[in-house]
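Spelled out, the chains give:
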Amino acid sequence: MPHRNDPGIDIIDLSSAKIVQKNFTVLNDVDLHIKKGKFCYLIGKTGSGKSSLLKVLYGQLPLQAGSGQVAGFDLKKLKQSDVPNLRRKLGIVFQDFQLLPDRNIEKNLLFVLQATGWSDKHKMEARIDEVLSSVGMKTKKHKMPHQLSGGEQQRAAIARALLNHPELILADEPTGNLDPETSNDIMTLLKNLAEENHCAVVMACLLYTLPSPQDPPLPRLPSLAGKKKIIHVLLVSGIMIH
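Residues numbered from 1 in each chain as written. Predicted model: local features only at pLDDT ≥ 70, side-chain atom pairs only at ≥ 80, totals over all residues. Heavy atoms only, no water.

Q: Help me understand the confidence of the model for the protein, please; the structure alone is not making it clear to me.
A: Residues shown with low pLDDT carry predicted positions that ought not to be read at fine detail. Put simply, the protein has an average pLDDT of 82, and 82% of its residues get 70 or more. Confidence over residues 1-6 falls short of pLDDT 50; this stretch has 17 contacts with residues more than four positions distant or in other chains. Taken together, the stretch residues 235-242 has pLDDT below 50 and engages in 23 contacts with residues farther than four places along the chain or on a different chain. (pLDDT = per-residue confidence, 0-100. Contact = heavy atoms within 4.5 Å.)

Shown next as structure tokens:
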């Protein structure tokens with residue numbers, strides 16, 4: 001029985017947010033409101049600010065102006081010591097997988113559980129098997145990362161992101177290094193996991209990666225505008241943006 005997060009509450013709530021990296025304003029006056037359990041794409045060209053926005057959401061960059069809350073944490077008041085607690089409520093998936101190359105997939109996931117306070121051996125083993133089964137990777141848990149295909153490595157990375165029952169998954173161009181067919185499989189997997197676990201997903205991607213053949217045509221997209229930069233937001237469900 002999957003863990004379920006409480007629906008109906010904004011998991012992301014940004015108002016008039018200013019996104020700055022290296023003293024450069026990347027995005028300004030960002031309003032973004034996403035409910036728990038919902039799914040959306042951030043779509044934009046390379047350099048449009050998608051990754052910078054995600055970095056603010058998971059606490060790597062400070063929120064310079066405006067207001068923002070993620071998973072109950074006030075980003076304006078967020079201290080460095082608060083970041084690990086914020087990230088325990090999040091799952092983060094990167095384009096380059098970021099699996100530890102010196103250990104197998106099971107031990108990659110075990111490392112995360114131990115680092116986030118798990119100690120019971122049997123519970124850790126059971127949770128690892130559960131998340132690997134959910135992404136179709138249970139039989140590959142003894143493989144080293146280099147023995148897996150790109151798609152399999154990304155599935156393992158998604159399993160890692162699910163370990164602590166996240167309220168929100170932030171995926172930064174998770175299909176950027178994958179072929180189109182594998183990309184569609186990963187997108188479908190994330191959509192299904194979001195629905196099964198009632199976990200919100202925000203996926204940053206390039207426009208040409210969407211849609212998959214079975215998806216409907218893209219609607220007219222609202223956008224987050226920065227200085228000469230545009231990020232579109234695809235409303236898959238339950239998202240309100242101004």
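That was the structure; now back to the text.
Q: Please explain the packing of helix α5 (residues 150-162) against helix α6 (residues 180-197) as it appears in this structure.
A: The geometry of a pair of packed helices is captured by two quantities: the angle between their axes and the separation between those axes. Orientation of α5 relative to α6, taken along the N-to-C sense of each, is 15°, at an axis distance of 10 Å. Considering their axes alone, α5 and α6 lie roughly parallel with respect to each other. Like other packed secondary-structure pairs, α5 and α6 cross with a definite hand, here right-handed. Between α5 and α6, the contacting residues are Gly151, Gln154, Arg155, Ile158 and Leu162 on the first element and Thr182, Asp185, Ile186, Leu189, Leu190 and Leu193 on the second. (Axes fitted to C-alpha atoms, helices over the stretch in contact; angles between N-to-C directions. Helix = DSSP H or I, 4+ residues; strand = E, 2+ residues; numbered from the N terminus. Parallel < 35°, antiparallel > 145°, perpendicular 65-115°, else oblique. Left-handed = near helix turned anticlockwise from the far one by under 90°.)

Q: Would you take a moment to explain the packing of helix α3 (residues 105-115) against helix α4 (residues 121-134) for this structure?
A: The N-to-C vectors of α3 and α4 enclose an angle of 120°; their axes lie 10 Å apart at closest approach. The angle between α3 and α4 falls in the class oblique. In this structure, α3 meets α4 at a crossing whose hand is right-handed. Across the interface between the two elements, Ile105, Glu106, Leu109, Leu110, Leu113 and Gln114 of α3 pack against Met124, Ile128, Val131 and Leu132 of α4. A per-class count over the contact of α3 with α4 returns eight nonpolar, one polar and one charged. (Nonpolar A, V, L, I, M, F, W, Y, C, P; charged D, E, K, R; others polar.)

Q: How should helix α1 (residues 50-57) be read in this particular structure?
A: In an α-helix, one full turn covers 3.6 residues, which means residues spaced three or four apart are oriented alike. For α1, the buried fraction is high: seven of the eight residues fall into the buried class. Among all positions of α1, only Lys50, Ser52, Leu53, Leu54, Lys55, Val56 and Leu57 are buried. At the C-terminal side of α1, glycine 59 shows a positive phi close to 85°. (Buried < 20%, exposed > 50% of the residue type's maximum accessible area, 1.4 Å probe, protein only.)

Q: Please clarify how the packing of aromatic side chains should be interpreted in this entry.
A: Two numbers describe a pair of aromatic rings. These are the distance of the centres and the angle of the planes. Summed over the entire model, instances satisfying the criterion amount to two aromatic pairs. Judged by centre distance (5.3 Å) and plane angle (75°), the ring pair of phenylalanine 39 and tyrosine 41 falls under edge-to-face. Taking the relative accessible area as the measure of exposure, tyrosine 41 reaches 2% and is therefore buried. Arranged with centres 6.4 Å apart and planes meeting at 85°, the rings of tyrosine 58 and phenylalanine 94 form a pair that is edge-to-face. Of this pair, tyrosine 58 sits in the loop between α1 and β3 (65-70) while phenylalanine 94 sits in strand β5 (residues 90-94), and the two are 36 residues apart along the sequence. Classification of tyrosine 58 by relative accessible area gives buried; the value is 5%. We classify phenylalanine 94 as buried; its relative accessible area is 19%. (Phe/Tyr/Trp six-rings, centres within 6.5 Å; stacked < 30°, edge-to-face > 60°.)

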